Amino acid sequence: MTNERALPGNSVLTERIQARKRELGKELIILTHHYQRREIVQLGDFSGDSFELSRKAAADRDCRYIVFCGVHFMAESAAILAQPHQIVQIPNVSAGCSMAEMAETQTVNEAWSQLQAETGEGSITPVVYMNSDAELKAFSGRNEGIVCTSSNAAKAVKWAFGKKEKILFFPDQHLGRNVGFDLGLSPEQMIVWSPGKPLGGNTPESVRAARMILWDGHCLVHTRFTTDHIAKMRSEFPGAKIVVHPECPREIVSKADACGSTSYIVKYVQEAPAGSTIVIGTEINLVHRLAQEHPDKKIIDLYNSLCPNMFKINLSNLLQTLSRLGEMNVVSVPEEIKADAKLALDRMLAL
Ligand code: 13P
Ligand code: SF4
């Protein structure tokens, strides 16, 4: 009964959104992250991982309104990269990211001062993950650093090692560690920085010996996966391939067959032969959508893990945003932060 009532509601909302899109034509672009609900992705003009979406926001110079269906840091990055005449809006401003909240300007500044005092000025390059506040991207830009996403983190880290001996990687320790391992660093060369503790909870010797200093942050969606989940899937589906996102802890990535950004996972499924069984360790909305889009393949979630923030965008708040273009939930970044943050984003786009 409830579903029967919900369905016409969704179709009416969808029709109204489509009508509004027709009315606005090239004035509007709707960007959707892969973790968005299926009905939102279907209404988008472009769907991608966080790198592709930022590149699209930087490249589309003609539209007037960019409506970003994703989480706040993504819309904020689009606002930094957009042209001055363009307005970026997010259907729900409370769609944040718990990982982005794990690094704050004050604690990062404190860590930076302690690290500089211990290792000497000019020995560390900051590499900030896209999943962070604009202020931290600005911090990175100001300190000769770079932004990275899950699809270009290895390139960004190599770039940073080409500049200086050490890297401060924040806020996701798991992405940083996975990249470090892939580039041949040993566990001892990667230390975890716990904000609030003197020297991040490390000894002066370990800080001096480290090549990568990994901020103690993580994604709640990707740290729900366990090695028991992998073992269970391997025994239930012996021929299956397991593909995971690099925000998963190292022990998960090392037991998977492949690892990459959300777009990498989409491509992995698209390119797998018909009849394949693929177990996916990432956000559940993407896994469900891939299963629906590829009925010739068996697509299974490693574990049902939802990002509550991505889920805050729905047809109703998208329609509301489209009805109040230029007014509702406009995402803007103060000019002084924007300039430095853009430096770090542009370095990433130029990689
Ligand atoms: P992607 O860059 O792979 O799209 O990931 C973004 C994200 O937030 C994953 O949790
Ligand atoms: Fe943030 Fe994790 Fe959600 Fe990505 S999946 S937006 S990192 S909480």
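Values in this document were obtained by computation on a predicted structure and should not be read as measured data. (Residues numbered from 1 in each chain as written. Chains lettered and ligands numbered in written order. Predicted model: local features only at pLDDT ≥ 70, side-chain atom pairs only at ≥ 80, totals over all residues. Heavy atoms only, no water.)

1. Re the site of ligand 1
What surrounds ligand 1 is the set H33, Y35, D49, S50, N131, S150, H222, H245, E247, S261 and T262. Measuring from an oxygen atom of ligand 1, one finds a side-chain N or O atom of H33 at 2.7 Å. In the model, an oxygen atom of ligand 1 is placed 2.8 Å from a nitrogen or oxygen of the H245 side chain. For ligand 1, whose accessible area on its own is 310 Å², the fraction buried by protein is 96%. Across the shell around ligand 1, the residue classes tally to one nonpolar, eight polar and two charged. (Near = heavy atom within 4 Å. Polar contact = N/O pair within 3.5 Å; in protein donor to acceptor, adjacent residues only side chain to side chain. Areas by Shrake-Rupley, 256 points an atom, 1.4 Å probe, with all protein chains shown as cover. Nonpolar A, V, L, I, M, F, W, Y, C, P; charged D, E, K, R; others polar.)

2. As for the site of ligand 2
As a structural note, the neighbourhood of ligand 2 is formed by Y35, V71, C97, S98, M99, N131, C219, V221, E247 and C307. Placement of ligand 2 is best described as lying within the second largest pocket. Tallied by class, the residues present in the shell around ligand 2 amount to seven nonpolar, two polar and one charged. (1 Å grid on protein atoms, 1.4 Å probe; cavity = no way out; pocket = protein on both sides within 12 Å on 5 of 7 lines; lining within 4 Å. Sits in = over half its atoms within 2 Å of the grid points.)

3. As for the pattern of salt bridges
One pass over the structure, following the stated rule, counts 15 salt bridges. Its salt-bridge partner being E165, residue K166 comes within 3.7 Å of it at the nearest N-O pair. Assessed through its relative accessible area of 2%, K166 is described here as buried. Shared partners join several salt bridges into a network, and the residues in it are E118, E205 and R208. (Salt bridge = Lys/Arg side-chain N within 4 Å of Asp/Glu carboxyl O. Buried < 20%, exposed > 50% of the residue type's maximum accessible area, 1.4 Å probe, protein only.)

4. Here we look at the nonpolar core
Counting 104 residues, the largest nonpolar core has F169, I280 and L318 as the members making the most contacts within it. For this core, the leading source of residues is helix α4 (residues 72-81), giving seven residues. When sequence neighbours within four positions are dropped, the list of residues in contact with F169 reads V127, C148, V157, L175, G176, M212, I213, L214 and W215. (Core = buried A, V, L, I, M, F, W, Y, C linked by side-chain atoms within 4.5 Å. Helix = DSSP H or I, 4+ residues; strand = E, 2+ residues; numbered from the N terminus. Contact = heavy atoms within 4.5 Å.)

5. Things to note about helix α5 (residues 105-119)
Helix length check: α5 (15 residues) gives 21 Å between terminal C-alpha atoms against 21 Å at 1.5 Å per residue, within 8%. Among the residues of α5, those classed as buried are T107, V108, A111, W112, L115, Q116 and T119. Down the axis, α5 shows its buried residues gathered within 165° of arc, on one side only. More than 90 degrees from the buried face of α5, the exposed residues found are Q106 and A117. Tucked inside the fold, the buried residues of α5 contact β5 (124-129), α6 (134-142), β7 (166-170), β8 (190-193), α9 (204-209) and β9 (212-215). (Expected span 1.5 Å × (residues − 1). Arc of directions from axis to C-beta.)

6. Observations regarding the sheet that holds strand β4 (residues 87-89)
Across the sheet, which stays open at both edges, the four strands sit in the order β2-β1-β3-β4 with parallel pairing between neighbours. Strands at the two margins of the open sheet, each flanked by one partner only, are β2 (46-48) and β4. Put simply, the sheet's adjacent strands are angled 20° from each other on average, direction ignored. Two elements, strand β3 (residues 65-69) and β4, share three bridges in a ladder whose sense is parallel. (Pairing = 2+ DSSP bridges. Axes fitted to C-alpha atoms, helices over the stretch in contact; angles between N-to-C directions.)

7. Things to note about the layout of surface pockets
Each pocket or cavity is described by its volume, and for the largest pocket that value is around 370 Å³. Lining the largest pocket are 19 residues, with S150, S151, N152, A153 and A154 sitting closest to its centre. Among the elements of the structure, α7 (153-161), α8 (173-182) and α15 (335-349) are those that each provide at least two residues to the lining of the largest pocket. Here the element with the most residues in the lining of the largest pocket is α8; it accounts for four residues. Taken together, the residues that form the lining of the largest pocket break down as eleven nonpolar, six polar and two charged. (Points joined across faces, edges and corners; volume = space filled by probe spheres on them.)

8. Examining empty space enclosed by the protein
Scanning the model with the defined rule gives one cavity of 30 Å³ or more in all. Lining of the largest cavity is provided by S50, L53, S54, F68, M74, S77, A78 and M130. Secondary structure elements with two or more residues in the lining of the largest cavity: α3 (50-59) and α4. For the lining of the largest cavity, the per-class residue count stands at five nonpolar, three polar and no charged.

9. Focus: the sheet that holds strand β10 (residues 241-244)
Spatially, β11-β10-β12-β13 is the arrangement adopted by the four strands of the open sheet, whose pairing is parallel. Lying at the two open borders of the sheet, with one neighbouring strand each, are β11 (258-259) and β13 (298-301).

10. A few points about the side chain of K164
Summarising the element assignment, K164 is placed in the loop between α7 and β7. Take K164: its relative accessible area is 15%, and that puts it in the buried class. A polar contact is formed between the side chain of K164 and the side chain of E144, at a distance of 3.2 Å.

Taken by themselves, the reported measurements are silent on function.
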